[in-house]
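Chain by chain, the residues:
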Amino acid sequence: MGASAGGVHALQAVLSSLSADFAPPVLVVLHLPSGRPSRLPELFAPHCARPVCEAYDKQPLEPGTVVFAPPDYHLLVEDRGHLALSVDEPVLYSRPAVDFLFDSAAAAFTHRLLAILLTGASADGSEGIAAVRRAGGVAWVQDPSDAASELMPSSALALAGADEVLTLNKICERLAAY
């Protein structure tokens with residue numbers, strides 16, 4: 001999942017919709033200011049029935065765990081079993097960047113990947129959605145008219161399209177039923 005402006009509210013809704021037996025790992029990039037520690041696990045853990053943590057380099061990918069990219073690091077899927085952190089250049093002024101996560105996850109999981117792009121005020125995530133779709137994965141994009149900031153979903157739809165364009169409530173319903 002990727003989000004930027006308005007993402008805290010959107011992610012709280014989405015993560016709270018996951019049941020206690022939701023098995024897939026959930027990887028999240030939320031654009032964060034650099035140079036400050038993240039409090040995302042503390043913020044989201046009370047709203048989520050799954051374990052929540054911040055990623056570390058070479059971390060094993062655990063089923064059912066929600067993993068947030070730390071500030072100042074891109075989060076990548078190294079292979080189907082591990083995560084990696086990178087200090088490559090920011091993408092559209094963002095590190096972590098959604099494009100890095102989606103590109104690497106698409107390479108690792110191909111058709112087994114569901115990428116969800118939420119609200120944001122950047123075009124980050126557009127190239128990643130394109131990579132996911134090229135690899136045979138599924139891309140859900142939040143309906144721009146439903147997003148707190150429509151630029152991120154609108155940009156992705158213009159560049160890559162989506163398998164489904166859904167409101168935040170519909171995304172939550174679909175994940176809850178998964």
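In this text the structure is predicted, and so the values were computed from the model without any measurement.

Asker: I'm lost on the overall build of the protein in this one. Help?
Answerer: Helix and strand counts for the protein come out as 6 helices and 9 strands. A globule of 178 residues ought to have a C-alpha radius of gyration of about 16 Å, and the protein, at 14 Å, matches this closely. Each of the three principal axes of the protein carries a C-alpha extent, and together these read 35 × 35 × 30 Å. The buried share among the 178 residues of the protein stands at 52%. Pairs at least 24 residues apart make up 64% of the contacts formed inside the protein by residues separated by at least 6 positions. The averaged location of the 20 negative side-chain charges in the protein is 4 Å from the averaged location of its 11 positive side-chain charges.

Asker: Help me understand the packing of helix α3 (residues 98-109) against helix α4 (residues 126-134) in this model?
Answerer: Following both chains from N to C, one finds α3 and α4 inclined at 10°, their axes separated by 7 Å at the closest point. If you check the angle between α3 and α4, you find them roughly parallel. When α3 is examined against α4, the residues Asp 99, Phe 102, Asp 103 and Ala 106 are found in contact with a partner set consisting of Ser 126, Glu 127, Gly 128, Ile 129, Ala 131 and Val 132. Split by residue class, the contact of α3 with α4 holds 5 nonpolar, 2 polar and 3 charged.

Asker: Would you mind going over the layout of surface pockets with me for this structure?
Answerer: Empty pockets left among the atoms are what a rolling probe the size of a water molecule brings to light. Computed from the structure, the largest pocket encloses a volume of approximately 430 Å³. Lining the largest pocket we find 18 residues, and of these Pro 24, Pro 25, Val 26, Leu 113 and Leu 114 sit closest to its centre. The biggest single contributor to the lining of the largest pocket is α3, with 4 residues.

Asker: Which parts of the structure should I look at to understand the side chain of Ser 104?
Answerer: Note that Ser 104 resides in helix α3. By relative accessible area, which is 10% here, Ser 104 ends up buried. At a separation of 2.9 Å, a polar atom in the side chain of Ser 104 contacts the main-chain amide nitrogen of Val 77.

Asker: Can you help me understand the packing of α4 against helix α5 (residues 151-160) in this one?
Answerer: Think of two packed helices as two axes; the pair is described by the angle between the axes and how far apart they sit. Between α4 and α5, whose axes approach to 8 Å, the crossing angle comes to 45°. Considering the angle they form, α4 stands oblique to α5. The two elements α4 and α5 cross, and the hand of that crossing is right-handed. Here Ser 126, Glu 127, Ile 129, Ala 130 and Arg 133 of α4 come into contact with α5, specifically with Met 152, Ser 155, Ala 156, Leu 159 and Ala 160. Classifying every residue of the contact of α4 with α5 by side-chain character gives 6 nonpolar, 2 polar and 2 charged.

Rules of the game
Residues numbered from 1 in each chain as written. Predicted model: local features only at pLDDT ≥ 70, side-chain atom pairs only at ≥ 80, totals over all residues. Heavy atoms only, no water. Helix = DSSP H or I, 4+ residues; strand = E, 2+ residues; numbered from the N terminus. Rg over C-alpha atoms; globule rule 2.2 N^0.38 Å. Buried < 20%, exposed > 50% of the residue type's maximum accessible area, 1.4 Å probe, protein only. Contact = heavy atoms within 4.5 Å. Lys, Arg positive; Asp, Glu negative; His and termini not counted. Charge placed at Lys NZ, Arg CZ, Asp CG, Glu CD. Axes fitted to C-alpha atoms, helices over the stretch in contact; angles between N-to-C directions. Parallel < 35°, antiparallel > 145°, perpendicular 65-115°, else oblique. Nonpolar A, V, L, I, M, F, W, Y, C, P; charged D, E, K, R; others polar. 1 Å grid on protein atoms, 1.4 Å probe; cavity = no way out; pocket = protein on both sides within 12 Å on 5 of 7 lines; lining within 4 Å. Points joined across faces, edges and corners; volume = space filled by probe spheres on them. Polar contact = N/O pair within 3.5 Å; in protein donor to acceptor, adjacent residues only side chain to side chain. Left-handed = near helix turned anticlockwise from the far one by under 90°.

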